[in-house]
Amino acid sequence: MSVEFSVPNMKCEGCVSIVKKELLGMGLKNVEINLETKRVEIQTNDVDIKKVKDVLIKAGFPPEQVN
Ligand SMILES: [Cu+2]
């Protein structure tokens, strides 16, 4: 199962790198990030969505779940 977030604070490749690093650091394996649409898609098999949100909020990239 996958979940998609809108992350409006991602403005450049540097932001994308930070978001990706945070998510991979949580042990996520498949992270798709689209800078143009400011969307982040993750696979949710073994991760707590609330933890993902908390980590991104702390990193300065509050996510909005879109599906
Ligand atoms: Cu940036």
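Below is a summary of the structure that appears in this document. These figures come from a predicted structure and were not determined experimentally. (Residues numbered from 1 in each chain as written. Predicted model: local features only at pLDDT ≥ 70, side-chain atom pairs only at ≥ 80, totals over all residues.)

1. Quick word on the pairing of strand β1 (residues 2–6)
For β1 and strand β3 (residues 39–43), the ladder comprises 5 bridges, and the chain directions are antiparallel. By the bridge assignment for β3, E4 is matched with E41. Relative to strand β4 (residues 64–65), β1 is paired through 2 bridges, and the arrangement is antiparallel. In the sheet register, F5 faces β4, and the bridge partner there is Q65. (Pairing = 2+ DSSP bridges. Helix = DSSP H or I, 4+ residues; strand = E, 2+ residues; numbered from the N terminus.)

2. Some points on the sheet that holds β1
Taken in spatial order, the 4 strands make up an open sheet running β2-β3-β1-β4, and their pairing is antiparallel. The open sheet terminates on both sides in strands that have one partner only, identified here as β2 (31–34) and β4. Relative to β3, β2 runs antiparallel, the two sharing 4 bridges. Bridging from a neighbouring strand, V31 pairs with I42 of β3. Contacting β2 and β3, helix α1 (residues 13–25) runs over the sheet at an angle of about 165° to β2. (Contact = placed C-beta atoms within 7 Å. Axes fitted to C-alpha atoms, helices over the stretch in contact; angles between N-to-C directions.)

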